[in-house]
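An overview of the molecular structure
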Amino acid sequence: MPRTAPDLSMFSLEGKVALVTGSGRGLGLEIARAMHRAGAHVLLNGRDGARLRQAAEGFAGGPAPVSVLPFDVADRGAVRDAFARIGREHGRLDVLVQNVGQRNRKPLLEFADDEILALLDVDLASGLVLAREAARLMLPQGQGRLIAVTSVAGQIAKAGDAVYTAAKAGLTGMVRALAAEYGPHGLTSNAVAPGFFATETNAAIAADPVAGAYFVQRTPMRRWGRPDEIAGAAVFLASPAASYVNGHVLVVDGGATILM
């Protein structure tokens, strides 16, 4: 039989509007690029408007528009204003990718109360607020995709990282709770859990001959993940191909969480 081109329409995001938080660099930027290539009108988000505008230049000539929407996910008023603007300017929101996260690696005894609360505010509480505001736009449509970028730290733990680990485990719980709450209304809620990726945030660890080698040895594929290797998982969860995937955590870690 003659070979035919594969049918990739089930992975198309044509006509969709997708907000990717923390998309000025790293994993968020790669996810935004992939969703744009799949046809989505991507809204780039971060606190640094200049960085976002520079990132947007790399999207020129793609199949859909790209817009810059700077705001701080921990600023509740700014979040409400941003989603109101999405409603006014685009009339819809089809995909929310929550990618913003902060990390402060140190023993719990060294954390002050305000440091714990600040980290939980960005890494967990802001996720609930973003999902709530996205749902306001998605529920009238009867469809939408809520996607959280969590971490394998939500499933496995390492000493000196308790607050971040607790927050990521909390996001996993959030994803499952929202799957139950919004599934009857046509919305799905899922997560992508990255393993050890060579992003700007992890550059110092990856370059360290001892620490970097540890994480390589800890991964069956014996290497760090490339940032672009996270993008396909997010596009899948946003696409029609994942229409019956709900409450799932898709681990992208080279096998690190299955290794004894």
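Residues numbered from 1 in each chain as written. Predicted model: local features only at pLDDT ≥ 70, side-chain atom pairs only at ≥ 80, totals over all residues. Heavy atoms only, no water.

1. Looking at the overall build of the chain
Helix and strand counts for the chain stand at 8 helices and 7 strands. For 260 residues, the compact-globule estimate of 2.2 N^0.38 gives 18 Å, and the chain sits close to it at 18 Å. By principal-axis analysis of the C-alpha atoms, the chain measures approximately 55 × 45 × 40 Å. With 260 residues in all, the chain has 45% of them scored as buried. Relative to all contacts within the chain whose residues are 6 or more apart in sequence, the contacts with residues 24 or more apart total 73%. Surface exposure of the chain reaches about 12,700 Å², of which carbon and sulfur atoms provide 56%. (Helix = DSSP H or I, 4+ residues; strand = E, 2+ residues; numbered from the N terminus. Rg over C-alpha atoms; globule rule 2.2 N^0.38 Å. Buried < 20%, exposed > 50% of the residue type's maximum accessible area, 1.4 Å probe, protein only. Contact = heavy atoms within 4.5 Å. Areas by Shrake-Rupley, 256 points an atom, 1.4 Å probe, with all protein chains shown as cover.)

2. Examining the pairing of strand S4 (residues 95-98)
Both faces of S4 are covered, namely the face carrying Val95 and Val97 and the face carrying Leu96 and Gln98. Here 3 bridges tie strand S1 (residues 17-20) to S4, and the two strands are oriented parallel to one another. Paired with leucine 19 across the strands is leucine 96, a residue of S4. Relative to strand S5 (residues 144-149), S4 is paired through 4 bridges, and the arrangement is parallel. If you follow leucine 96 over to S5, its bridge partner there is leucine 146. (Pairing = 2+ DSSP bridges.)

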